[in-house]
There are 2 protein chains.
Amino acid sequence: MEKIKVGIAGYGNIGRGVEKAVNAAPDMELKAFFTRRDPAALQTNTPDAKILRTEDAASMRDELDVVILCGGSATDLPKQGPAFAGIFNTIDSFDTHAKIPDYFAAMDNAAGDKVSVLSVGWDPGLFSIMRQLSLAALPCGSDYTFWGRGVSQGHSDAIRRIEGVANAIQYTVPVEEAVQAVRDGKNPELTTRQKHLRECYVVAKEGADKARIEQEIKTMPNYFADYDTTVTFVTEEELKKNHSKMPHGGLVIRSGSTGDNNHVMEFSLKLDSNPEFTASVLTAYARAAVRLNREGRKGAMTVLDVPLSYLTVEDPSWQRKNLL
Amino acid sequence: MEKIKVGIAGYGNIGRGVEKAVNAAPDMELKAFFTRRDPAALQTNTPDAKILRTEDAASMRDELDVVILCGGSATDLPKQGPAFAGIFNTIDSFDTHAKIPDYFAAMDNAAGDKVSVLSVGWDPGLFSIMRQLSLAALPCGSDYTFWGRGVSQGHSDAIRRIEGVANAIQYTVPVEEAVQAVRDGKNPELTTRQKHLRECYVVAKEGADKARIEQEIKTMPNYFADYDTTVTFVTEEELKKNHSKMPHGGLVIRSGSTGDNNHVMEFSLKLDSNPEFTASVLTAYARAAVRLNREGRKGAMTVLDVPLSYLTVEDPSWQRKNLL
């Protein structure tokens, strides 16, 4: 069987994770990287793959089956997505929830005869699948999403911008009592503060006023003011040793009823590496995009549009025998 | 919007659950029951729906969009399935795992221009979806399925056949240490005995030899001999009071790695009523079958073939806005 020829656009944490996942997939071949940096300066772990400037990507139009877009949602993907769509089948992890409808429209408009699957990953992505499946199974009910325990890059960055802060890592942590109330089918009304805690590990610069830093963190609007926040000062060495991984995870729980009977559905993830797991999900959907396009499907799609049988190397009759 | 016209074949626990779910669905209308009993003797909760003999079902060919087959897997569905397929779009909960490939072939052969979605429910069904999704996301790993705590009808029946037993209920219970080892990513090799316990609540007939009954249960091949089994004798009143519901549930857990990083995906169900929850899932897939057939799709399918966007009343743009 001919292998699926894959390109990767962007070589940050997600891009490196996708590289690993594609190289581990028996049915895929990594053929090209696209970068906005100087291609000569990019060191990848796949010496056989070409490295091209992003603006030269179209020259590989006939040599790739799919390009996995590994840019960020804030500024990269809104341009990168429509630029690659239509030339290649694409996959991306666009995760600005409120802007997904607009991004979907832009990608659908650009996709032409190709398939673009957007907002793939775990949230949006696997968690979206769970919200849809649980709504389907329990139309009368409520669902809850909790994130963590995991590192939030946005919140870590916000702390690092405070004067006197040398470095920082922020963990989002679900409040255990809230999770338990949901699991118990109590359908609680939960405020922001009741759902998640924020734990901050901060390295202060020499001579900085730690009390003032802690106060600035805890009162920062949007990021921390609405949460119970703890601040722990650590040394740079402690931060490197204990907080240098990028774990994440979370839960989707729906409780609902059928008449007098109650039911609880729960999906949870515990991830040692958020970017590597996201990359692995992107790679599975890249396989699906290629298969769908070969069958004549085109346009923008999300995880809710892709039949699950397309995701794995194994064929449908194997799946029926072994997974049903 | 015209409502989806639904028929129900079989009026046991699942059939009554489907009746409830269809009557609660804003986009569906329950039009007919098909029964092997005397239609005049069948009391349903939907007075407006016709009641016909199973052999007269084809007379409703042009009046129904889908028939939900609520027979059992052992003897009903192998005949009922192919008899209804091709005349109607069908949904069923065929759950004899080892025979699914043969049943799929029989249904695909019979389906003609209609859609037949088979083996819908929670296992097979939602658990199959989780096994496929977790295999896709973590190709390097192992998955584990645990059932319970819940009532197994087959095991309860087996106890009731023992001489001196007036009534009995059997619960299948996952072994907590085994579940924890899997959650901890230890990828344990588990024997049958290490995965599940069996708890039996037994009403003995007056004067029966309880020690002999307990011994017969615990040594029964296939059903109990390979498990740690507890037997508790109770009165008929206690059994009715404490053990008359049909709860069930279970877990699918996959742990796997991407290079040096480990990840755990877990899906769990805690159901007060196994048949009502199964019925609710069947009803969601009935909606999907009708939509797929209206788009020209035909043949046998499983939950792995049906895009998730087809399952709920809400349209795809609502789903993208609210669930992604």
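Notes on the structure in this doc start here. Everything numeric in this text was worked out from a predicted model, so none of it was measured. (Residues numbered from 1 in each chain as written. Chains lettered and ligands numbered in written order. Predicted model: local features only at pLDDT ≥ 70, side-chain atom pairs only at ≥ 80, totals over all residues. Heavy atoms only, no water.)

1. Some thoughts on the interface of chain B and chain A
Argument step 1. Counting residues at the interface gives 59 residues for chain B and 59 residues for chain A.
Argument step 2. Each partner contributes to the roughly 5,200 Å² buried at the junction of chain B and chain A, and carbon and sulfur atoms together form 61% of this total.
Argument step 3. Taken together, chain B and chain A are joined by zero salt bridges.
Argument step 4. Taken together, chain B and chain A are joined by 34 residue pairs in polar contact (both at pLDDT 80 or more).
Argument step 5. Breaking the side of chain B that touches chain A down by element, the ones donating at least two residues are α3 (100-110), α4 (126-137), β13 (261-271), α10 (274-294) and α11 (316-322) of chain B.
Argument step 6. Each residue belonging to the side of chain B that touches chain A can be placed in one class, and the counts come to 30 nonpolar, 15 polar and 14 charged.
Argument step 7. The pairing of strand β13 (residues 261-271) of chain A with β13(B) spans nine bridges and is antiparallel. Looking at β13(B), one finds that A:Met265 is bridged to B:Leu269. (Contact = heavy atoms within 4.5 Å. Buried area = accessible area lost by both parts, 1.4 Å probe. Salt bridge = Lys/Arg side-chain N within 4 Å of Asp/Glu carboxyl O. Polar contact = N/O pair within 3.5 Å; in protein donor to acceptor, adjacent residues only side chain to side chain. Helix = DSSP H or I, 4+ residues; strand = E, 2+ residues; numbered from the N terminus. Nonpolar A, V, L, I, M, F, W, Y, C, P; charged D, E, K, R; others polar. Pairing = 2+ DSSP bridges.)

2. A short note on the relation of the copies chain B and chain A
What relates the two chain copies is a rotation about an axis together with a slide along it.
Argument step 1. With an RMSD of 0.0 Å, the operation that places chain B on chain A is a rotation of 180 degrees combined with a shift of 0.0 Å along the axis. The relationship between the two copies is best expressed as a two-fold rotation axis.
Argument step 2. Both copies contact each other with a shared surface, as 100% of the interface residues of chain B are interface residues in chain A too. (Least-squares fit on C-alpha atoms with pLDDT ≥ 70 in both.)

3. So, the pairing of strand β11 (residues 228-233) of chain B
Both faces of the sheet carry side chains from a regular strand, because those side chains alternate between them.
Residue and element names in this part refer to chain B.
Argument step 1. Bridge count for strand β10 (residues 196-204) against β11 is six bridges, and the pairing is parallel. Within the sheet, the bridge partner assigned to Arg198 lies in β11 and is Thr229.
Argument step 2. Regarding topology, helix α8 (residues 210-218) serves as the crossover connection from β10 to the parallel β11, and that connection is right-handed. (Right-handed = clockwise from strand over helix to strand, strands pointing away.)

4. Let's talk about helix α2 (residues 77-84) of chain A
All names here are of chain A.
Argument step 1. Of all the residues in α2, the buried ones are Leu77, Gln80, Gly81 and Phe84. For α2, the arc enclosing every buried residue in end-on projection is 100 degrees, short of the 170-degree limit, so these residues lie on one face.
Argument step 2. Packed against the buried residues of α2 are β1 (4-9), β2 (28-35), β4 (66-69), β5 (89-92) and α3 (100-110).
Argument step 3. Once α2 finishes, Gly86 follows within two positions and takes phi at roughly 90 degrees, a positive value. (Buried < 20%, exposed > 50% of the residue type's maximum accessible area, 1.4 Å probe, protein only. Arc of directions from axis to C-beta.)

5. Concerning the nonpolar core
Side chains of a nonpolar character, in soluble globular proteins, are inclined to be buried together.
Argument step 1. The biggest cluster of nonpolar side chains holds 147 residues, and the ones touching the most others in it are A:Tyr285 and B:Tyr285.
Argument step 2. Each residue touching B:Tyr285, except ones within four places of it in the same chain, is listed here: A:Leu133, B:Ile91, B:Val117, B:Val120, B:Ile129, B:Val303, B:Val306, B:Leu308 and B:Leu311.
Argument step 3. By size, the runner-up hydrophobic cluster in this structure holds 13 residues, among which are A:Val165, A:Ile213, A:Ile217 and A:Phe224. (Core = buried A, V, L, I, M, F, W, Y, C linked by side-chain atoms within 4.5 Å.)

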